[in-house]
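# Observations on chain architecture
Residue strings, one per chain:
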Amino acid sequence: CIIQKLIQGKKMKIKFINFEIKGDERVSLIAIEELKNIPFEIKRVYYIFNTKPNVRRGFHAHKNLKQVAICVKGSCKFLLDNGKERIDEIVLNKPNKGLLIEEMIWREMYDFSEDCVLLVLASEFYDESDYIRDYEEFVRMVEGVKK
Ligand code: T46
């Protein structure tokens, strides 16, 4: 159920997951199940909300972590960068649309609506040593050049 979206002129693909909306005329419901509609075991769930206007977040990559981000309310945008190419203006504005962010992808999030609730499912527990917070270091790691 992973939909790979190719952007014109880029090799890098954006990977979306479209969740099936269940329920009936009175309610909408989405069920998230590890290794079924999420391609990894879910060790951690967190959500970002109350983001103040004009705040840009992220500015890091992860060495091993895989995540799926779902804007369950409101909207926000993502920039993703694999160290060779970057794709900007990825809009998340539907509770049934997940953005798969695999390891070694630089991300920034911005344009959060006031009511935005960004739910993130993560493959690992929180580990600060998995973060790469320096963009130049990230590019060097992608290129396999050791310091
Ligand atoms: C990511 C994007 C999409 C914890 O204590 N536990 C956690 O599980 C997380 C995610 C964060 N924190 C602490 C660390 C910081 O003191 O919460 C604070 C805010 O975290 P951070 O500045 O890393 O938040 P964002 O929005 O820049 O990035 C987060 C995730 O950290 C990151 O993995 O991919 O959301």
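Residues numbered from 1 in each chain as written. Predicted model: local features only at pLDDT ≥ 70, side-chain atom pairs only at ≥ 80, totals over all residues. Heavy atoms only, no water.

### Here we look at the overall build of the protein chain
Across its full length, the protein chain carries 1 helix and 13 strands. Taken over the C-alpha trace, the protein chain has a radius of gyration of 16 Å; the compact-globule value for 147 residues is 15 Å, and the two agree within 12%. Taken along the three principal axes of its C-alpha coordinates, the protein chain extends 55 × 35 × 35 Å. Burial status across the protein chain gives 39% buried among its 147 residues. A separation of at least 24 residues holds for 72% of the contacts in the protein chain among residues at least 6 apart in sequence. (Helix = DSSP H or I, 4+ residues; strand = E, 2+ residues; numbered from the N terminus. Rg over C-alpha atoms; globule rule 2.2 N^0.38 Å. Buried < 20%, exposed > 50% of the residue type's maximum accessible area, 1.4 Å probe, protein only. Contact = heavy atoms within 4.5 Å.)

### Digging into the site of the ligand
For the ligand, the set of nearby residues contains 13 residues, the closest of which are Arg44, Arg57, Gln67, Arg107 and Tyr131. Gln67 is positioned such that a nitrogen or oxygen atom in its side chain is 2.6 Å from an oxygen atom of the ligand. Considering the ligand on its own, with 650 Å² of exposed area, one finds that the protein chains cover 67% of that surface. Those elements that provide at least two residues to the shell around the ligand are strand S5 (44–48), strand S6 (57–62) and strand S11 (106–110). (Near = heavy atom within 4 Å. Polar contact = N/O pair within 3.5 Å; in protein donor to acceptor, adjacent residues only side chain to side chain. Areas by Shrake-Rupley, 256 points an atom, 1.4 Å probe, with all protein chains shown as cover.)

### Brief notes about a nonpolar patch on the surface
A cluster of nonpolar side chains, namely Val45, Tyr47 and Phe49, defines an oily patch on the protein surface of about 330 Å² accessible area. By secondary structure assignment, the location of Tyr47 is in strand S5. Exposure remark for Tyr47: the relative accessible area of 53% places this residue in the exposed category. (Patch = residues over 30% accessible without salt bridge, like charges linked within 9 Å, V, L, I, M, F, W, Y side chains within 5 Å. Salt bridge = Lys/Arg side-chain N within 4 Å of Asp/Glu carboxyl O.)

### Some thoughts on the sheet that holds strand S2 (residues 13–18)
Pairing is antiparallel across the open sheet formed by 6 strands, whose spatial order is S1-S2-S10-S7-S12-S5. Both outer strands of the open sheet, strand S1 (2–6) and S5, are each paired with one neighbouring strand and no more. Each neighbouring strand pair of the sheet contributes to a mean axis angle of 30°, computed without reference to strand direction. For S5 and strand S12 (residues 117–122), the ladder comprises 5 bridges, and the chain directions are antiparallel. Among the inter-strand pairings, Tyr46 is bridged to a residue of S12, identified as Val120. (Pairing = 2+ DSSP bridges. Axes fitted to C-alpha atoms, helices over the stretch in contact; angles between N-to-C directions.)

### Remarks on the pairing of S11
In terms of burial, S11 is largely enclosed, as 5 of its 5 residues are buried. Residues of S11 alternate between two faces, with Trp106, Glu108 and Tyr110 on one and Arg107 and Met109 on the opposite face, all of them buried. Bridge count between S6 and S11: 3 bridges; the pairing is antiparallel. Pairing of Arg57 across the sheet is with Met109, part of S11. Of the strand pairs in this sheet, strand S8 (residues 76–81) and S11 are connected by 5 bridges, and their pairing is antiparallel. Within S11, the residue paired with Lys77 across the bridge is Tyr110.

### Focus on the side chain of Ser113
Here Ser113 lies in the loop between S11 and S12. Among the polar contacts made by the side chain of Ser113, one reaches the side chain of Asp115 at a distance of 2.6 Å. Look past the residues within four positions of Ser113 in its chain and what remains in contact with it is Gly74 and Ser75.

### With respect to the nonpolar core
Counting 20 residues, the largest nonpolar core has Cys76, Phe78, Leu80, Ile90, Leu92, Leu99 and Leu118 as the members making the most contacts within it. Of all the elements in the fold, those that place two or more residues in this core are S2, strand S7 (67–73), S8, strand S9 (86–92), strand S10 (97–101) and S12. (Core = buried A, V, L, I, M, F, W, Y, C linked by side-chain atoms within 4.5 Å.)

By themselves, these are just geometric observations and shouldn't be taken as functional.
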